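Spelled out from the first residue to the last, the chains are:
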2 protein chains.
Amino acid sequence: MENKAIVKNIMKHNNGKISNIYFTACGGSLVDMYPSYYFLQSEAEKVSTGWYTANEFVHVTPKKIGPHSIVFVCSHSGNTPEAVEAAKIAQEKGAFTIGLTFNPKAELLKYSDEKIIYEWGNEDEVVNNPMAIMLDITSQTLDELEGYGKLSEFADGFKRIDTIVTNALAQVQDRTKEFAKKYQNEPMFYILGSGASFGHTYGFAICSLMEMQWLDASPIHSGEYFHGPFEVTDKDKPYIVMESIGRTRPLDERAIKFLKKYGNKIEIVDAKELGLDLIDSSVAEYFNPILFYSVLCEYRAKLADLRNHSLDVRRYMGKVEY
Amino acid sequence: MENKAIVKNIMKHNNGKISNIYFTACGGSLVDMYPSYYFLQSEAEKVSTGWYTANEFVHVTPKKIGPHSIVFVCSHSGNTPEAVEAAKIAQEKGAFTIGLTFNPKAELLKYSDEKIIYEWGNEDEVVNNPMAIMLDITSQTLDELEGYGKLSEFADGFKRIDTIVTNALAQVQDRTKEFAKKYQNEPMFYILGSGASFGHTYGFAICSLMEMQWLDASPIHSGEYFHGPFEVTDKDKPYIVMESIGRTRPLDERAIKFLKKYGNKIEIVDAKELGLDLIDSSVAEYFNPILFYSVLCEYRAKLADLRNHSLDVRRYMGKVEY
């Protein structure tokens, strides 16, 4: 796995004296960074971390950014101006920048000490998607820095995840069709999730529904649901809940229990039922979003079909000035 | 100011060896912590920080929490089970816990090394609200730990903020009435904001609209708007934008410019126009949310009046089991 070589390069930077690891990008790419950020928040004993929309990173660059920093920057096109600028600033401050993009000619790569050109579009090999690549590098780096220790469980997880995703996609064919039939005329969705999956809770709202379907959406953390958001719940509002495996599952379960009692339109995507428990329980929760991303792509594809609204159509992005 | 005495106590803990400062609470109280969290993210050179919904903190307690940790826990009632549990866990791990509540008999105080009973309901004295108290303590603590340096600017800001808020509230009387008249029948709002204000962007959505008005709402970071969310923009969708003073103002301005071109229902709450530039520009941005909270309370009050939906009515919270 070439990620090992990248970790080696990281550890050569600043004589291996790394005190923080940052993630910055925009929209869908930012979403893909959340699992790595969440992993460090939870597992790091010393290394600190941050997760920034790129334009805020550019304007409010954390004082911590310096030679002892690793900064991941991801942009699918590789030319998102805010992301390119973020990489430039981080590099100028002496950080080791890791640029991830689908585009080998990306502007982003000019400011990337490490250049990662990822594959895309082949959902059978999710380990080559930026989300998985960053999680792999981050966990290996934490192990080098602090002796995190669960690398073999992680490696085993990466070995299994492609098969789990493939099986899950087969498993959800019928239910995603039913989902689309049932919900095709809904104007707005609430998306719930927790833990490592919260990035994709947000991502499904802003990318899959708002950007690709022009549908209203609102992402809610399952743990926050009972502290305000649940007051809008009724039989008419549709909720999609990502039920994670791992330590935050009780948060999702509690929201689901309530929704089943007071709501009526509830779609539950359960990582356990979809086979994620084949991964060692000490690391499985970090794989939730990899599974959810692929499965939720199936949901949005079926919805797009029935709504006759292509996932690729935009009215503003790349079409008008902004 | 008694906050000084609290900072002294913080610095006595673990012989002043503090390496991280965490914030954990639920809903509106979590929102009130965001400015302090954002301040540390931006200004701290070494101290690390985290901002957690309490139930996630309980289930996924960061490995960093230990004797070198300060953990703020806030609960208005002081009896929110997740918040009480978070304080208990933090204290067990040796962290110095600071509990903030309106209730002198709160369960939370049992697990608080420092007990802060705040005032509430008198909007003329916002410096006594938990948001301001935490920001004051956090900035003073960072100065003790790292020599942050802008304490006189901060003190001057705290001296001015009450007058600024009072004047702003007078200034928005007419426009909040017009807002309510214009938007009283809208079923859903998008709320935009950035920087230190993003907590209240989220908070206005989940507390003021969802919890208190049973209205649908979705919070969007101004910097993220162009990376997905803007595709739903049209002449019919209402947007409330908190236009901050400070380094992230260009992010808000960019969203506003676009909204003015492609949208039609846009309410802009501009911290500069409302007088926040009376505070020194090196720290003014951290005061945005204090101003916005009070001003947005006026917006929601006027909306509640016209909609004949009291801000205090709940259908689930404190009424059913969950």
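Residues numbered from 1 in each chain as written. Chains lettered and ligands numbered in written order. Predicted model: local features only at pLDDT ≥ 70, side-chain atom pairs only at ≥ 80, totals over all residues. Heavy atoms only, no water.

## What to know about helix H10 (residues 288-307) of chain B
Residue and element names in this part refer to chain B. A rise of 1.5 Å per residue sets the reference length of H10, with its 20 residues, at 28 Å; its end C-alpha atoms lie 28 Å apart and thus fit the reference within 8%. Counting buried positions along H10 gives 16 out of 20 residues, so the element sits mostly inside the fold. Two residues or fewer past H10, asparagine 308 is found with a positive phi of approximately 55°. (Helix = DSSP H or I, 4+ residues; strand = E, 2+ residues; numbered from the N terminus. Expected span 1.5 Å × (residues − 1). Buried < 20%, exposed > 50% of the residue type's maximum accessible area, 1.4 Å probe, protein only.)

## Side note on the relation of the copies chain A and chain B
Rotating chain A by 180° and translating it 0.0 Å along the rotation axis places it on chain B, where the RMSD comes to 0.0 Å. Taken together, the rotation and translation describe the operation of a two-fold axis. Within chain A, serine 218 of chain A has its C-alpha nearest the rotation axis, a separation of 2.3 Å. (Least-squares fit on C-alpha atoms with pLDDT ≥ 70 in both.)

## Some points on the pattern of salt bridges
Residues and elements named next belong to chain A. Scanning all chains against the criterion turns up 30 salt bridges over all chains. Across the salt bridge formed by arginine 249 and glutamate 243, the nearest N and O atoms sit 3.3 Å from each other. A relative accessible area of 13% means that arginine 249 is categorised as buried. Classification of glutamate 243 as buried rests on a relative accessible area of 8%. Lysine 302 is paired through a salt bridge with glutamate 298; the nearest N and O atoms lie 2.8 Å apart. (Salt bridge = Lys/Arg side-chain N within 4 Å of Asp/Glu carboxyl O.)

## A word on helix H7 (residues 173-183) of chain A
Residues and elements named next belong to chain A. When H7 is considered as a whole, its buried residues turn out to be Thr176, Phe179, Ala180 and Tyr183. Down the axis of H7, the sector holding all buried residues measures 95°, keeping them to one side. What points out from H7, more than 90 degrees from its buried face, is the exposed set Asp174, Glu178, Lys181 and Lys182. Taken together, the buried residues of H7 touch strand E6 (188-193), strand E8 (238-243), strand E9 (265-270) and helix H10 (288-307). (Arc of directions from axis to C-beta. Contact = heavy atoms within 4.5 Å.)

## Quick look at the sheet that holds strand E1 (residues 20-25) of chain B
Residues and elements named next belong to chain B. Spatial ordering of the open sheet is given by E2-E1-E3-E4-E5, a layout of five strands whose pairing is parallel. Two strands lie at the open edges of the sheet, namely strand E2 (48-53) and strand E5 (114-117), each paired on one side alone. For this sheet the average axis-to-axis angle between neighbouring strands, irrespective of direction, equals 15°. Bridge count for E1 against E2 is six bridges, and the pairing is parallel. Residue pairing for E2: asparagine 20 is matched across the bridge by serine 48. Here helix H4 (residues 81-92) sits on the sheet and contacts E1, strand E3 (69-74) and strand E4 (96-101); the angle it forms with E3, its principal contact strand, is near 165°. (Pairing = 2+ DSSP bridges. Axes fitted to C-alpha atoms, helices over the stretch in contact; angles between N-to-C directions.)

## Remarks on the nonpolar core
Residues Phe72 and Tyr225 of chain A together with Phe72 and Tyr225 of chain B are the most contacted members of the largest nonpolar core, which totals 192 residues. If we skip the residues at most four places from it in the chain, tyrosine 225 of chain A touches Leu192, Ile220, Phe230, Thr233, Tyr239, Ala255, Phe258 and Leu259 of chain A. In terms of nonpolar packing, the next biggest core, distinct from the first, is built from 20 residues, Ala87, Ile89, Ala90 and Ala95 of chain A among them. (Core = buried A, V, L, I, M, F, W, Y, C linked by side-chain atoms within 4.5 Å.)

## Remarks on the domain arrangement of chain A
Residues and elements named next belong to chain A. Each domain of chain A was delimited in the assignment, giving domain 1 (3-149) and domain 2 (159-307). Averaged C-alpha coordinates put domain 1 and domain 2 at centres separated by 26 Å. In total, about 1,800 Å² of surface goes out of reach between domain 1 and domain 2, with carbon and sulfur atoms giving 69% of it. On inspection of domain 1 and its partner domain 2, the count reaches one salt bridge. In this structure, the connection of domain 1 to domain 2 is made through five residue pairs in polar contact (both at pLDDT 80 or more). Elements that contribute at least two residues to the side of domain 1 that touches domain 2 include exactly helix H2 (27-43) and helix H5 (130-146). Counting residues per element, the side of domain 1 that touches domain 2 draws most heavily on H2, which supplies 10 residues. Per-class residue counts for the side of domain 1 that touches domain 2 are 12 nonpolar, three polar and five charged. (Domains from an automatic or database assignment. Buried area = accessible area lost by both parts, 1.4 Å probe. Polar contact = N/O pair within 3.5 Å; in protein donor to acceptor, adjacent residues only side chain to side chain. Nonpolar A, V, L, I, M, F, W, Y, C, P; charged D, E, K, R; others polar.)

## Focus on the sheet that holds E9 of chain A
Residues and elements named next belong to chain A. Strand order in the open sheet made by the four strands is E7-E6-E8-E9, with parallel pairing throughout. Looking at which strands have only one partner, the edges of the open sheet turn out to be strand E7 (216-221) and E9. Averaged over neighbouring strand pairs, the angle between their axes works out to 20° when direction is ignored. Contacts between helix H8 (residues 198-213) and the sheet are confined to E6, E7 and E8, with E7 contributing the most and set at about 180° to the helix.

## Section: the packing of H5 of chain A against helix H6 (residues 151-171) of chain A
Residues and elements named next belong to chain A. Orientation of H5 relative to H6, taken along the N-to-C sense of each, is 165°, at an axis distance of 10 Å. Relative to H6, H5 is oriented roughly antiparallel. In terms of crossing hand, the pair formed by H5 and H6 is left-handed. Between H5, through Ala132, Leu135, Asp136, Ser139, Gln140 and Asp143, and H6, the contact on the second element is made entirely by Leu151, Phe154 and Phe158. (Parallel < 35°, antiparallel > 145°, perpendicular 65-115°, else oblique. Left-handed = near helix turned anticlockwise from the far one by under 90°.)

## Some thoughts on unusual backbone geometry
All names here are of chain B. A positive phi angle, near 50°, is found at asparagine 14, a position not held by glycine. Looking at where asparagine 14 falls in the secondary structure, it is placed in the loop between helix H1 (3-12) and E1. Even without being a glycine, asparagine 308 presents a positive backbone phi close to 55°. What makes asparagine 308 exposed here is its relative accessible area of 72%.

## A closer look at the packing of aromatic side chains
Here the structure, examined in full by the defined rule, presents 77 aromatic pairs over all chains. With centroids separated by 4.9 Å and ring planes inclined at 70°, the aromatic side chains of phenylalanine 230 of chain A and tyrosine 322 of chain B adopt a geometry described as edge-to-face. On the criterion of chain membership, the pair formed by phenylalanine 230 of chain A in the loop between E7 and E8 and tyrosine 322 of chain B in the segment after H10 is interchain, its members lying in two chains. Looking at phenylalanine 230 of chain A, the relative accessible area reads 0%, which means it is buried. Within the aromatic cluster, the residues linked to one another by ring pairs are Tyr34, Tyr37, Tyr38, Phe39, Trp51, Tyr148, Phe154, Phe158, Phe198, Tyr286 and Phe287 of chain A. The aromatic ring of tryptophan 214 of chain A is capped on one face by arginine 315 of chain A, whose charged end is 4.2 Å from the ring centroid. The lysine or arginine in question, arginine 254 of chain B, covers the ring of phenylalanine 226 of chain B, its NZ or CZ lying 4.1 Å from the ring centre. (Phe/Tyr/Trp six-rings, centres within 6.5 Å; stacked < 30°, edge-to-face > 60°. Lys NZ or Arg CZ within 6 Å of the ring centre and 35° of its normal.)

## Considering the interface of chain A and chain B
On the side of chain B, 70 residues touch chain A, which itself brings 70 residues to the contact. For the chain A and chain B pair, buried surface summed over both sides reaches about 6,000 Å², with 52% attributable to carbon and sulfur atoms. Our enumeration of links across chain A and chain B arrives at six salt bridges. Note that arginine 254 of chain B and glutamate 82 of chain A form a salt bridge whose closest N and O atoms lie 3.0 Å from each other. There are 36 residue pairs in polar contact (both at pLDDT 80 or more) connecting chain A and chain B. Residue assignment for the side of chain A that touches chain B shows that the elements contributing at least two residues are H2, strand E2 (48-53), helix H3 (54-59), E6, H8, E7 and helix H9 (249-262) of chain A. Residue contributions to the side of chain A that touches chain B peak at eight residues, all from H2 of chain A. The residue makeup of the side of chain A that touches chain B, split by class, is 33 nonpolar, 18 polar and 19 charged.

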